[in-house]
Amino acid sequence: MSDLSIILDSQLQDYFIKYGYIGIYIWFITVDQIAPIPEEITLMVIGYFGVHGTISPIIAGLISILAFITIDSIYFYLTKTGSRFLHKVVDKLESPKMMKYKNKMIDHTFKTLLILCFIPRMRLLGPVFVA
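Owing to the predicted nature of the structure, the values given are computational and were not obtained by experimental measurement. (Residues numbered from 1 in each chain as written. Predicted model: local features only at pLDDT ≥ 70, side-chain atom pairs only at ≥ 80, totals over all residues. Heavy atoms only, no water.)

Novice: Account for the packing of aromatic side chains, naming residues and giving values.
Specialist: Inspection of the entire model under this criterion finds two aromatic pairs. Each ring, one from Tyr48 and one from Phe49, has its centre 5.4 Å from the other, and the planes form 70°; the classification is edge-to-face. A residue is classified by how much of its surface remains accessible, and Phe49, at 0% relative accessible area, is buried. (Phe/Tyr/Trp six-rings, centres within 6.5 Å; stacked < 30°, edge-to-face > 60°. Buried < 20%, exposed > 50% of the residue type's maximum accessible area, 1.4 Å probe, protein only.)

Novice: Account for the packing of helix 2 (residues 39–51) against helix 3 (residues 57–81), naming residues and giving values.
Specialist: Viewed as axis vectors pointing N to C, helix 2 and helix 3 meet at an angle of 155°, and their least axial separation amounts to 9 Å. With respect to their mutual orientation, helix 2 and helix 3 come out roughly antiparallel. In the packing of helix 2 onto helix 3, the handedness of the crossing is right-handed. Every residue of helix 3 that contacts helix 2 at Glu39, Leu43, Ile46 and Gly50 is listed here: Pro57, Ala60, Ser64 and Phe68. (Axes fitted to C-alpha atoms, helices over the stretch in contact; angles between N-to-C directions. Helix = DSSP H or I, 4+ residues; strand = E, 2+ residues; numbered from the N terminus. Parallel < 35°, antiparallel > 145°, perpendicular 65-115°, else oblique. Left-handed = near helix turned anticlockwise from the far one by under 90°. Contact = heavy atoms within 4.5 Å.)

Novice: How would you summarise the nonpolar core if you had to cite specific residues and measurements?
Specialist: Counting 11 residues, the largest nonpolar core is built from Phe16, Ile24, Phe28, Val45, Ile46, Phe49, Ile55, Ala60, Ile63, Ala67 and Phe68. Of all the elements in the fold, those that place two or more residues in this core are helix 1 (3–34), helix 2 and helix 3. Of all the elements, helix 3 adds the most residues to this core, at four residues. (Core = buried A, V, L, I, M, F, W, Y, C linked by side-chain atoms within 4.5 Å.)

Novice: Can you lay out the environment of Pro57 for me, pointing to particular residues and giving the numbers?
Specialist: Inspection of the secondary structure assignment puts Pro57 in helix 3. For Pro57, a relative accessible area of 48% gives the class partly exposed. Residues Pro57 and Ile46, 11 residues apart in the sequence, show an inter-C-alpha distance of 7.4 Å.

Novice: With reference to specific residues and values, describe the side chain of Ser64.
Specialist: Considering the arrangement of structural elements, one finds Ser64 in helix 3. Polar contacts involving the side chain of Ser64 include one to the main-chain carbonyl oxygen of Ala60, which spans 2.8 Å. Once residues within four sequence positions are removed from consideration, Ser64 is found in contact with Ile24, Phe28, Leu43 and Ile46. (Polar contact = N/O pair within 3.5 Å; in protein donor to acceptor, adjacent residues only side chain to side chain.)

Novice: Can you break down the side chain of Thr42 residue by residue, with the values?
Specialist: Residue position: Thr42 is located in helix 2. On the basis of relative accessibility, which here comes to 9%, the residue Thr42 falls in the buried class. What Thr42 contacts, discounting residues up to four positions off in sequence, is Trp27, Phe28, Asp32 and Ile37.

Laid out in structure tokens, this is it:
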């Protein structure tokens, strides 16, 4: 048994047994937004536990999708409604060079969002560009 298997079995399995599917949801809307761990790694760990019978992979996948939709909606809402902090940041980004990039991204919105989905930790910027 490898070191990774021991870590996964002992610590994360206890987490999933203790918190269950709610733990997956809470993980994705809180810790996953702060930790520099790509979501794909967390999803593979969830898949590992699904294969070994700790959790149901179908329910865990649906809970993960629900968490992603929730956090993306929150980011979109916060971006759309704005805040003082957000306005300060946006005002600093109004330089001619940044406007050139912004116009290119607006002209190619689909391509921009698609590319951002495949760059780890950049998926959260998608709602910002849409707003």
